[in-house]
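# Coordinate inspection notes
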Amino acid sequence: MLWLVIPSIATTFVLLASTSWLYLSRRTFRTTSTSKRRFILDSLDIHGTEKTRKRFVGFFHPYCNAGGGGERVLWTAIAFLQRTEPDVISVVYSGDKGITKQDIIDKVKTRFNIPLNPTSLYFIFLESRNLVEDATWPRFTLLGQSLGSMYLAWEAMSKLVPDLFIDTMGYAFTFYLVRLLSEIPVGAYVHYPTISTEMVRRVRSRTVWHTNSDAVSSSAILSGGKQLYYRIFMFYYSLSLHNASFLMVNSTWTKRHVDAVLDYATKDTALATIHTVIAMIARNLLTVARIERVTHLQTHIVYPPCDTKLMAAFSLTGRSRLILSLAQFRPEKDHATQLRSLAELLETHPEYRSGNKEVKLVLMGSSRNAEDSARIDTLRNLADELGIRANVDFVVNAPYPVLLDYISRASIGFSTMVDEHFGINIVEFLAAGLIPVVHASGGPLHDIVVPRNGEPTGFHCTSLATFAESLHAALDLTPEEDLAMRRRAREHAVERFSEREFELSWENSAWLDWREKLGLGERGK
């Protein structure tokens, strides 16, 4: 039992000791925030009695300029508030230094075709985003990034305390800190849990994964230590989530896993007992304020917004023999499997290498940093090694019109990520009329590529062989089968994943309740 008590004591005392100092500094934060509010309102040319009606909604999104699916959620939500809530000032806490407000607004318009009103939008640029970068924490990455996010949230609150704080990137450890510093309500849109039962299972079974290296999985001692680390981390992650006033999740998969995490703090009775005893003692010694948690927190599925209206206008016929992958160049997207699947397809069907039946794989996505750029170079080298370079194109950081051009011409949408939490790119494939070939897990399996009227809308795969077979099957459909599948896929996407459906779900899951508590006035249209 000692092996569990000692790290629990250390973790609890560190958290409570640090938050004691933060609690005492709340008055300074409030004073600073009052003057900052006046400055923001003046800079937005808001004067007179109109100032008193304004409420500040803070969106914590350090990578707001990344151009991925998570950013589409952020900007669609803000654009919706700008249209319907004239008394709301949307404040984005961003780590994108060296760019201007107008730069970001222009990119949002170019990448997502979402217009933003600068008169009710303000950016607070943070200096410490490197603390949540993977590269900063080569070991104990989850713990390091979580602690880094707490410091980043401290920096954000020191510059402005909003009336409502919404995390749209998944930094749950900020919740406790924000509530301690400000006592304001905290909400979140969760794209995926920081740690999940699947991650714990892979460590327990010693399965090699991008979150569980071969060096760890091959060692019984290291695997045992990582299990303990994950157990303690999961417990405190669960406690952090319980500090939220409302939680929105993006898919059935995410809801199931977040619900499991929420239950974890009560199910691990050993850690709960140790934490409770130590917290009571430390709270008395450090005079830390108690933050009441929501004990029956409900998660609500709010499917991400997709530009289905524009993409549904593309023709379903006359498609090129392009296999399109649309994803940021992150490790979990597993672009290497796409290249290897193509290599296997070309090995078994050499007629696809050239001529009338030539097939090309287009890897399109954004590159956020030096790590992503290095990953792209590695993928290019892999394509050379596999002998498929002539059948692969890389399109990096393309503007929205270029994306639309490719997605209007491609025949197949390709995704190999395991446990994709949702998959906005896959919804875009369906809406644009592509036939999806996806991994049989997560959002693509349970929410997106699902039967319509008992008929398939795409292909699910679990291995290199099945990916190659499904790519061939999609390319080999008769014209009648091809058109019917594309039509079914599009109808499903348009009905279920439009921007309007997102807005309605956003309202009904949380916003309508909280707008009353914020004292907002008459709504816009």
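Below: a short report on this structure. (Residues numbered from 1 in each chain as written. Predicted model: local features only at pLDDT ≥ 70, side-chain atom pairs only at ≥ 80, totals over all residues. Heavy atoms only, no water.)

With that settled, consider the packing of helix α14 (residues 335–348) against helix α19 (residues 464–475). With their axes 8 Å apart at the nearest point, α14 and α19 run at an angle of 65 degrees to one another. At the point where α14 passes α19, the crossing takes the right-handed sense. Between α14 and α19, the residues in contact are Thr337, Arg340, Ser341, Glu344 and Leu345 and Leu464, Ala465, Phe467, Ala468, Leu471, His472 and Leu475, respectively. Tallied by class, residues from the contact of α14 with α19 come to seven nonpolar, three polar and two charged. (Axes fitted to C-alpha atoms, helices over the stretch in contact; angles between N-to-C directions. Helix = DSSP H or I, 4+ residues; strand = E, 2+ residues; numbered from the N terminus. Left-handed = near helix turned anticlockwise from the far one by under 90°. Contact = heavy atoms within 4.5 Å. Nonpolar A, V, L, I, M, F, W, Y, C, P; charged D, E, K, R; others polar.)

Moving on to the nonpolar core. The biggest cluster of nonpolar side chains holds 66 residues, and the ones touching the most others in it are Trp75, Ile407 and Trp506. The biggest single contributor to this core is helix α4 (residues 69–84), with eight residues. If you look at the next biggest cluster of nonpolar residues, it comprises 60 residues, including Leu126, Val186, Tyr237 and Leu271. (Core = buried A, V, L, I, M, F, W, Y, C linked by side-chain atoms within 4.5 Å. Buried < 20%, exposed > 50% of the residue type's maximum accessible area, 1.4 Å probe, protein only.)

The subject of this paragraph is the pairing of strand β6 (residues 246–249). A regular strand places its side chains on the two faces of the sheet in alternate fashion. Burial along β6 is two-sided: Phe246 and Met248 facing one way and Leu247 and Val249 facing the other are all buried. By the bridge criterion, four bridges tie strand β5 (residues 186–190) to β6 in an arrangement that is parallel. Paired with Val190 across the strands is Val249, a residue of β6. Alignment of β6 against strand β7 (residues 299–301), held across three bridges, turns out to be parallel. Paired with Met248 across the strands is His300, a residue of β7. (Pairing = 2+ DSSP bridges.)

Another point: a negative patch on the surface. A contiguous patch of negative charge, built from Glu351, Asp476, Glu480 and Glu481, is present on the exposed surface. Among the secondary structure elements, Glu481 is positioned in helix α20 (residues 479–496). According to the relative accessible area criterion, Glu481 is partly exposed, its value standing at 42%. (Patch = residues over 30% accessible without salt bridge, like charges linked within 9 Å, V, L, I, M, F, W, Y side chains within 5 Å. Areas by Shrake-Rupley, 256 points an atom, 1.4 Å probe, with all protein chains shown as cover. Salt bridge = Lys/Arg side-chain N within 4 Å of Asp/Glu carboxyl O. Lys, Arg positive; Asp, Glu negative; His and termini not counted. Charge placed at Lys NZ, Arg CZ, Asp CG, Glu CD.)

A ring pair, where both rings are aromatic, is described by two values, the distance of the centres and the angle of the planes. Here the structure, examined in full by the defined rule, presents 19 aromatic pairs. Within the aromatic cluster, the residues linked to one another by ring pairs are Phe140, Phe173, Tyr229, Tyr230, Phe233 and Tyr237. For Arg409, the ring lying beneath its charged end belongs to Tyr406, and the centroid distance is 5.1 Å. (Phe/Tyr/Trp six-rings, centres within 6.5 Å; stacked < 30°, edge-to-face > 60°. Lys NZ or Arg CZ within 6 Å of the ring centre and 35° of its normal.)

This model, assessed by the stated rule, comprises 25 salt bridges. Ionic pairing is found between Lys97 and Glu127, a salt bridge with its closest N-O pair at 3.7 Å. Taken together, the residues span a long stretch of sequence, with Lys97 in the loop between β2 (88–94) and α5 (101–112) and Glu127 in the loop between β3 (121–125) and α6 (141–159) at a distance of 30 residues. Note on Lys97: relative accessible area 48%, which makes it partly exposed. Bridged by salt links that share partners, the residues Arg72, Glu428 and Glu499 form one connected network.

In short, geometric facts, not functional conclusions.
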